[in-house]
Amino acid sequence: MEPDARAGFARRLRALKDAVEVSVRELEVASAATPRRRAGRPPLRLKRSTIDGMISRTRPVCPRQEHFEVFVDTCLRIAGQTGRSLPGELADRQAWDTAYRDLLVGMAGMRSANRSAADAVRRLRTADLPPAGDRADGPEVTPDREPADLGRAERPRHRLRMGSVLVRRAVVLALTGVAVAAWAPAPVSRNGTGGGQTAVGGDGTLRLGALVPKSGGLQFFHRPMAAGVRLAIADVNAAGGVFGRKAIGTEVDSGDSPDLGTRALAELISGRNDVVIGPVTSSMSMATIDQVRNAGVVQISPTATSDQLTHAGDDGLFFRMAAPDAIQGEVVAELIRDDGGRRVGILALDDPYGTGLSGHIRRSLARGGVDRVRVQTYDTADASYATEVARIRASAPDTIVVAGFTETEAVARELVRQGLGTDDHTWYFTDGYLSSGQSGTAFPRGTLTGVRATQAGAGVAAAFRERLLSVDSAPTDFTYAPEAYDATIVAALAAVAAGRDDPKGIARAMPGVTRSGERCTDFGTCARLLASGRDIDYDGVSGPIDFTDKGDPARAPIGVFHYKADNSPVLVAHRLGELPTRA
């Protein structure tokens, strides 16, 4: 029900934007001139990414109150200035405030898991909501000042006072994920001191937690990722475990949104896990970086690729197995050059993924002598992509790259409509679309014939697939299972190298066990080499790894796919890409 509540509210916001006939770009600019509801508050210019999240058709977010207010008030102001008549409740600001309050209360009610939270919800339902904006005077909900419901996480010794309406509202905001930091437990201390803090690491037992998407739009990653972790733990324990003890694995559902991911991570932290495998997405990884750093646990994502993670403030605790976008950009550019592309048009989603990946492709092409490259960004909230495609068409490309997600299909349809189809142009898709679960069956037969696509991730050998099926017979897709397996093995080897299941020691040892030593390919052999005092270079089922000091794999495989006449992609090869010396 929770995603439906957000989806319904997003539909209302889209309806308001469409009725005012304003684009995302225009709304972004106009928001900076919208007076705030509280006197003395500075102007707030909404970012395009914020607007996109509020009105998303696929993954809408529950907006912060200040973002919601500025969005609605900007639309109403534009409607008044242009004389546009808005239907029904779209023009009623009080009705909007009521709808927003109902969204928060409804989501908090669905998430409440104890009496305190339920009581807060009941009191809020009966309370009169003061003028919008007053909430800013209430106490902030911070990691060391938590709401009553923390899932299964250990509760702090101190409690929020529930006597005021402002505190009750802060609790509801935390429960809905509007204040994401509220899900993070108090910073973890090694000795367990401090209010409600939990000791992690150093007890002689390696605990490995997995953030796997058992629900939501990313469920197709669940089984292969979980199978990879389970098989790795089984292999570690079959070889004698770590420090003579069995490693312990725990799986929790991370869903498909940052608020669910932070809640799941809090559960793993409270369960004293030394290393967390996951999450799936780059956005969720970014949302949990502070939580990971404060708790002092190691996090390894099998799948996140965003460049932002390379320089995130993680205190050296975050690692990822999949090729960062810089590596995929090198491979895409190499394919284009091999295919003879000389005039390249790139349509890129205007977010960190699209702009980052397109930048890498452009720079790599330039280094290879292809300098006629036009990059055009687009917003998913726009009604069509006609303008953006027309600008690409004006550059007379022979090659077209689309760096986006599910909206790639709509962009492709517009390319065909404007005469830029695959008969006369070479198309490339990236892993944002290939990993989205979209099959291409929505197109007329032959539309995608010959299109090439790339996806970060290793191939799955038949023997390894059979081993995965021994721990879970259900998976039919094994994408990123090798990365999940190797993330777990590397963590266990780093613990052996560190000599203690202390997360910071494990993090310091992680790069060393993947490079500049004696090559080994399984936990048992590698652990014995470490025990004999030798350095190792673990090369796993996902590739050579070779972690950099920033936690990125220096080399990683990229899958290359071709689309058949029935618009389905077929894997044709894997290319081992390397981080460029100048990313």
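Residues numbered from 1 in each chain as written. Predicted model: local features only at pLDDT ≥ 70, side-chain atom pairs only at ≥ 80, totals over all residues. Heavy atoms only, no water.

## Quick look at the packing of helix 8 (residues 222-238) against helix 17 (residues 481-498)
Under the convention used in this document: In this analysis, axes come from line fits to C-alpha atoms, helices being fitted only over the stretch in contact, and the angle between any two N-to-C directions falls in the range 0 to 180 degrees. Put simply, DSSP marks the helices as runs of H or I at least four residues long and the strands as runs of E at least two long, and each gets a number from the N terminus on. Handedness of a crossing is defined here by the sense of rotation of the near helix relative to the far one, left-handed for an anticlockwise turn of less than a right angle and right-handed for a clockwise turn. For this analysis, residues touch if any pair of their heavy atoms sits within 4.5 Å. In this count, Pro and Cys sit with the nonpolar residues alongside Ala, Val, Leu, Ile, Met, Phe, Trp and Tyr, while Asp, Glu, Lys and Arg are called charged and the others, Gly among them, polar.
Direction vectors running N to C along helix 8 and helix 17 enclose 35 degrees, while the axes themselves pass 7 Å from each other. In this structure, helix 8 crosses over helix 17, and the sense of that crossing is right-handed. Counting all contacts with helix 8, which are made through Pro224, Met225, Gly228, Val229, Leu231, Ala232, Ile233, Asp235 and Val236, the residues of helix 17 involved are Ala481, Ala484, Tyr485, Thr488, Ile489 and Ala492. Residues belonging to the contact of helix 8 with helix 17 are distributed by class as follows: 12 nonpolar, two polar and one charged.

## Section: the pattern of salt bridges
Two side chains of opposite charge can pair, provided their charged atoms sit close to one another. Quick note on the threshold: Here a salt bridge means any side-chain nitrogen of Lys or Arg lying within 4 Å of a carboxyl oxygen belonging to Asp or Glu. The buried label goes to any residue with under 20% of its type's maximum accessible area, the exposed label to any with over 50%, and the partly exposed label to all in between, with areas taken from a 1.4 Å probe on protein chains only.
Counted under the stated rule, the structure contains 30 salt bridges. One salt bridge connects Arg452 with Asp339, and the closest N-O pair in it is separated by 2.7 Å. With Arg452 in strand 10 (residues 452-456) and Asp339 in the loop between helix 11 (325-338) and strand 6 (343-349), the pair connects residues that are 113 residues apart, well separated along the chain. Residue classification places Arg452 among the buried positions, given a relative accessible area of 13%. In the salt-bridge network here, residues are joined through shared partners; they are Glu28, Arg45, Arg48, Asp350 and Asp379.

## Structural notes on the pairing of strand 1 (residues 207-212)
In plain terms, the rule: Two strands pair under a simple rule: DSSP has to find at least two bridges between them. The crossover handedness rule: strands pointing away from the viewer, path from first strand over the helix to second strand clockwise, crossover right-handed.
The buried count for strand 1 comes to six of six residues, which makes it a mostly enclosed element. Of the two faces of strand 1, both are covered, the one formed by Arg207, Gly209 and Leu211 as well as the one formed by Leu208, Ala210 and Val212. Pairing between strand 1 and strand 2 (residues 248-253): six bridges, direction parallel. Counted as the bridge partner of Ala210 is Glu251 from strand 2. Traced from strand 1 through helix 8 to strand 2, the parallel crossover comes out right-handed. Of the strand pairs in this sheet, strand 1 and strand 3 (residues 275-277) are connected by three bridges, and their pairing is parallel. Looking at the pairing, Gly209 lines up with Val276 of strand 3.

## Some details on the packing of aromatic side chains
Put simply, the test is: Planes of paired rings set the category: under 30 degrees apart is stacked, over 60 is edge-to-face and the rest tilted, where pairs are Phe, Tyr or Trp rings (Trp by its six-membered ring) whose centres lie within 6.5 Å.
A full pass over the atoms with the stated rule returns 13 aromatic pairs. Note on Phe9 and Phe68: the rings are 5.8 Å apart at their centroids and 50 degrees apart in plane angle, and the pair reads as tilted. Placement of Phe9 in helix 1 (residues 2-20) and of Phe68 in helix 4 (residues 65-82) is noted, with a sequence separation of 59 residues between them. Residue classification places Phe9 among the buried positions, given a relative accessible area of 5%.

## Digging into the pairing of strand 8 (residues 399-403)
Counting buried residues along strand 8, five of its five residues qualify, which places the element largely inside the surrounding structure. Neither face of strand 8 is left uncovered, since the one carrying Thr399, Val401 and Ala403 and the one carrying Ile400 and Val402 both have all their residues buried. Bridge count for strand 6 against strand 8 is five bridges, and the pairing is parallel. Following the sheet pairing, Leu347 is matched in strand 8 by Val402.

## Observations regarding the confidence of the model for the chain
In plain terms, the rule: For every residue, the pLDDT score states the predictor's confidence, bounded by 0 at the bottom and 100 at the top.
Counting all residues, the mean pLDDT for the chain is 82, and 81% of those residues have values of 70 or more. Across residues 109-199, confidence stays below pLDDT 50; counting only partners more than four residues off in sequence or on other chains, it has 180 contacts.

## With respect to the side chain of Asp502
As a reminder, the rule being used: Pairs of N or O atoms within 3.5 Å make up the polar contacts considered here, provided that, within protein, one atom can donate a hydrogen while the other can accept it, and that residues adjacent in sequence are counted only when both atoms are side-chain atoms.
Of note, Asp502 is situated in the loop between helix 17 and helix 18 (503-509). At 2.9 Å, the side chain of Asp502 and the backbone nitrogen of Gly505 are in polar contact.

## With respect to the state of the cysteines
Note the cut-off: Here, a disulfide means two cysteine sulfur atoms that sit within 2.5 Å of each other.
A full pass over the atoms with the stated rule returns one disulfide. In this model Cys520 forms its disulfide with Cys526; the gap between the sulfur atoms is 2.0 Å. Between Cys520 and Cys526, the disulfide has an S-S torsion of 115 degrees and is therefore right-handed. Across this residue pair, the class does not change: Cys520 and Cys526 are buried.

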